[in-house]
Amino acid sequence: MATTRRMLQLYVDQLSDELVTEVFPLVEEVFIFLDPTKKTVIREISVEEFGGVVASHASQIVPIGWTDRAAARVRLFFSGRRETEIFYAPSHVESPEIDGVVGAGLGVLELGFSIGSPGKLALTRGIAAHAYIDERD
Amino acid sequence: MIDVVVKGPGELTIGAVDAKGRLLLRKRIVVSGDPAVETRSQLPLTVQTRNGAVPVVPLLIQRKDARQHITFAGRDAPDFTAERCREIKVSTAMIDKASRTAAAALEHNEWPHLLIRPSATGGQRGR
């Protein structure tokens, strides 16, 4: 059984000037085309994040149950069908074999923020994610 | 927001500069793996600051691999930047200077760092 191994690796970091009161969400996605005559297997999806957002002059803001990691997913696209198959990180076990996949997209997501006066936001954060995808005969 | 599309792997840095030449947002994207990869990102046309909404110019600050093709809102990145400068009446020389400053800073600080400038009067603001 011949296997073609594909890798998608994405790193993105975001830095804002301290003057801002709005931090935009990080929504990034990388795509590749795949051979729909082969069976596609997602072998691994992983994501890590560092840094974050600091609010100043913003008393009485208390985070409760705040997540500490960005979200990552792999979307699989099919010819003649609008719906995608979605797999989420972290995943370190092979997916089932999937037929008819024409493309894959590795996406990462982190929330955006805005703060009212007199608050200020300082931001530096980065996300690293990867996906390993096999195409099998 | 505008869509940013990058064709090919490599490292690039994009940003948003206001009319005073301040880099209000910087984003660095590194993609590796498959040579046919395509990346989608976004940049704002307006940023909220303490003084209200500020129009900004999206720009390409640095591209490590010249084979990468980058578009802003479906147009070549430098063309879009030049038109946005005309639209909000910002000099392209100022944008170029901001871009060079940001690129030079990247050479010295490969990893991002958090910038917080404490203000002696900031705590009293708005009271």
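Criteria and cut-off values
- Residues numbered from 1 in each chain as written.
- Chains lettered and ligands numbered in written order.
- Predicted model: local features only at pLDDT ≥ 70, side-chain atom pairs only at ≥ 80, totals over all residues.
- Heavy atoms only, no water.
- Pairing = 2+ DSSP bridges.
- Helix = DSSP H or I, 4+ residues; strand = E, 2+ residues; numbered from the N terminus.
- Contact = heavy atoms within 4.5 Å.
- Buried area = accessible area lost by both parts, 1.4 Å probe.
- Salt bridge = Lys/Arg side-chain N within 4 Å of Asp/Glu carboxyl O.
- pLDDT = per-residue confidence, 0-100.
- Buried < 20%, exposed > 50% of the residue type's maximum accessible area, 1.4 Å probe, protein only.
- Arc of directions from axis to C-beta.
- Axes fitted to C-alpha atoms, helices over the stretch in contact; angles between N-to-C directions.

Lay out the sheet that holds strand β4 (residues 38-43) of chain B with the relevant residues and their values.
Hydrogen bonds along the backbone pair up the strands of a sheet, which may run parallel or antiparallel. Read from one edge of the open sheet, eight strands run β6(A)-β5(A)-β7(A)-β3(A)-β4(B)-β1(B)-β8(B)-β9(B), paired in antiparallel fashion. Looking at the sheet topology across the chains shown, the edges are occupied by β6 (81-88) of chain A together with β9 (75-76) of chain B. Here strand β1 (residues 2-7) of chain B runs beside β4 of chain B; their pairing, made up of six bridges, is antiparallel. Each residue of the ladder has a partner; that of valine 6 of chain B, found in β4 of chain B, is threonine 39 of chain B.

Would you mind going over the interface of chain A and chain B in detail, with residue names and values included?
Each side of the interface is counted separately: chain A has 34 residues, and chain B has 36 residues. The junction of chain A with chain B conceals about 3300 Å² of combined surface from both sides, 56% of it contributed by carbon and sulfur atoms. By the criterion of area lost to chain B, the three top residues of chain A are Leu15, Leu19 and Phe24 of chain A, representing 18% of everything that side buries. Linking chain A to chain B there are four salt bridges. Note that aspartate 13 of chain A and arginine 26 of chain B form a salt bridge whose closest N and O atoms lie 3.6 Å from each other. Looking at the side of chain A that touches chain B, the elements that each hand over two or more residues are β1 (3-16), β3 (26-33), β4 (39-56) and β9 (120-136) of chain A.

Pulling in residues and values, what's your account of the confidence of the model for chain A?
Across chain A, the average pLDDT comes to 90, with 100% of residues at or above 70. The secondary-structure element of chain A with the lowest mean pLDDT is strand β8 (residues 113-114) of chain A, recorded at 84, while strand β5 (residues 71-78) of chain A shows the highest, at 96.

How would you sum up helix α1 (residues 77-87) of chain B? Please name residues and give values.
Residue and element names in this part refer to chain B. Three or more residues of α1 are buried, namely Ala77, Phe80, Thr81, Arg84 and Cys85. Taken around the axis of α1, the buried residues stretch over an arc of 140°, which confines them to a single face. Exposed and oriented more than 90 degrees from the buried face of α1 are Pro78 and Arg86. Structurally, α1 contributes buried residues whose contacts are with β1, β6 (52-55), β7 (57-63), β8 (69-72), β9 and α2 (92-108).

Please provide a residue-by-residue account of the sheet that holds β4 of chain A, values included.
Spatially, the six strands line up as an open sheet ordered β4(A)-β9(A)-β1(A)-β3(B)-β2(B)-β7(B), and their pairing is antiparallel. Each edge of the sheet is formed by a strand with only one pairing partner; in this case those strands are β4 of chain A together with β7 of chain B. Direction aside, neighbouring strands of the sheet carry axes that sit 15° apart on average. Pairing analysis gives eight bridges linking strand β2 (residues 10-17) of chain B to strand β3 (residues 23-33) of chain B, with the strands arranged antiparallel. In the strand pairing of β3 of chain B, glutamate 11 of chain B is matched with valine 30 of chain B. Its contacts with the sheet place α2 of chain B against β2, β3 and β7 of chain B, and it is angled at close to 40° to β7 of chain B.

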